[in-house]
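The primary structure of each chain is shown beneath.
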Amino acid sequence: RRSSRQTETARLRYLLSFASNCWTVLDVHQFERQRPYLFHVYWIMTDDTPLIPAEGRKKQGHRVLCCCDSRKATIMVSFVALVLSILGLAAVSMNNPDPIIISSYAIAVLFYILVICGAIRYHTCACILSMIWIIFSLGWNIYFAATNNWDAYTQDEKNANVIALSVILAWQVLVIYALGTFIHEVHKGIMSPETHSREKYSCCCNV
């Protein structure tokens, strides 16, 4: 009887070995005390396929400036803004070491890094915090442009400052546009790790 039970146990284990891609719950009642025994095997199939099929479906998200998806656009424009902020911080530190201006550039650098990390990890809270700062910075730059005494500058300095300020304002608007689109799509479930293969888009390289 012991040999027969061992044989039956071996057969049962052999059958369960075919469930390498399944979770198996085995409920055996009074296996050792009496025969016949009752056992129940419940199969819970595991499937790596996302709940929302990413392949073979039309892109639902927005194409930022018809160039790329919102996530890629957020990362790209934030990276450019990060580089510009670092260059601005270096220039201000060498030429006009104003603590307020240096602090604003330093905070901008930190928030642009936070934007990039948030977009990579689909973290909307980090992106929302960063967008609040960028909107505040945009408003401050507009206020500075409106209240600044431009007559105190030479013509060359005025032209350089106007060009620099125009580039900064335009790029901040672009960052807010891309970042707002990304936050909206993540919130709606359009852009997510599961749907990224469906939503990714680029006019030059679809990665």
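Up top is the structure.
Worth saying up front: this structure is predicted, and the values here are computed from it rather than measured.

Next up on the list: the overall build of the protein chain. Across its full length, the protein chain carries 6 helices and 4 strands. The linear arrangement of helices and strands in the protein chain, starting from the amino end, is α-β-β-β-β-α-α-α-α-α. Every one of the 207 residues in the protein chain was classed for burial, and the buried ones make up 31%. Taking the intrachain contacts of the protein chain between residues at least 6 apart in sequence as the baseline, contacts between residues at least 24 apart amount to 64%. When the accessible surface of the protein chain is totalled, it reaches about 13900 Å², and 64% of it is carbon and sulfur.

Locating Ser78 in the fold gives a position in helix H2 (residues 70-95). Judged by its relative accessible area of 0%, Ser78 falls in the buried class. Here the side chain of Ser78 touches Thr74 through a polar contact of 2.7 Å, landing on its backbone oxygen.

Attention now goes to the side chain of Ser130. With respect to the element layout, Ser130 can be found in helix H4 (residues 124-147). Residue Ser130 is classed as buried on the basis of its relative accessible area of 0%. At 2.9 Å, the side chain of Ser130 forms a polar contact with the backbone oxygen of Ala126. For Ser130, the residues in contact, after removing those within four places along its chain, are Phe111, Leu114, Val115 and Leu179.

Moving on: the nonpolar core. Formed by 27 residues in total, the largest nonpolar core has its most connected members in Tyr112, Ile134, Val175, Leu179 and Phe182. Contributions of two or more residues to this core are made by H2, helix H3 (99-120), H4 and helix H5 (155-188). In terms of residue count, H5 provides more of this core than any other element does, 8 residues in total. Dropping the residues within four chain positions of it, Ile134 is found in contact with Tyr112, Val115, Gln172, Val175, Ile176 and Leu179.

Right, let's get into the packing of H2 against H5. Helix-helix packing: each pair is described by the crossing angle between the helix axes and the interaxial distance. Put simply, H2 and H5 touch, their axes get as near as 8 Å, and they point 150° apart. Regarding the angle of H2 to H5, the classification is roughly antiparallel. Between H2 and H5 lies a crossing of left-handed hand. Facing H2, whose interface residues are Ser70, Arg71, Ala73, Thr74, Val77, Ser78, Val80 and Ala81, H5 presents Trp171, Leu174, Val175, Ala178, Leu179, Thr181, Phe182 and Glu185. Residue composition of the contact of H2 with H5, by class: 10 nonpolar, 4 polar and 2 charged.

Backbone geometry at Cys66 places phi at a positive 60°, although glycine is not the residue there. Here Cys66 is to be found in the loop between strand E3 (63-64) and strand E4 (68-69). Exposure remark for Cys66: the relative accessible area of 62% places this residue in the exposed category. Even without glycine at this site, Tyr122 takes up a positive phi of about 55°. Assignment of secondary structure puts Tyr122 in the loop between H3 and H4. For Tyr122, a relative accessible area of 16% corresponds to the buried category.

Bringing the environment of Glu185 into the picture now. Locating Glu185 in the fold gives a position in helix H5. In this structure Glu185 comes out as buried when scored by relative accessible area, which is 3%. Residues Glu185 and Gln60, spaced 125 residues apart in sequence, show a C-alpha to C-alpha distance of 9.2 Å. One polar contact links the side chain of Glu185 to the main-chain amide nitrogen of His62, over a distance of 2.5 Å.

Definitions and cut-offs
Residues numbered from 1 in each chain as written. Predicted model: local features only at pLDDT ≥ 70, side-chain atom pairs only at ≥ 80, totals over all residues. Heavy atoms only, no water. Helix = DSSP H or I, 4+ residues; strand = E, 2+ residues; numbered from the N terminus. Buried < 20%, exposed > 50% of the residue type's maximum accessible area, 1.4 Å probe, protein only. Contact = heavy atoms within 4.5 Å. Areas by Shrake-Rupley, 256 points an atom, 1.4 Å probe, with all protein chains shown as cover. Polar contact = N/O pair within 3.5 Å; in protein donor to acceptor, adjacent residues only side chain to side chain. Core = buried A, V, L, I, M, F, W, Y, C linked by side-chain atoms within 4.5 Å. Axes fitted to C-alpha atoms, helices over the stretch in contact; angles between N-to-C directions. Parallel < 35°, antiparallel > 145°, perpendicular 65-115°, else oblique. Left-handed = near helix turned anticlockwise from the far one by under 90°. Nonpolar A, V, L, I, M, F, W, Y, C, P; charged D, E, K, R; others polar.

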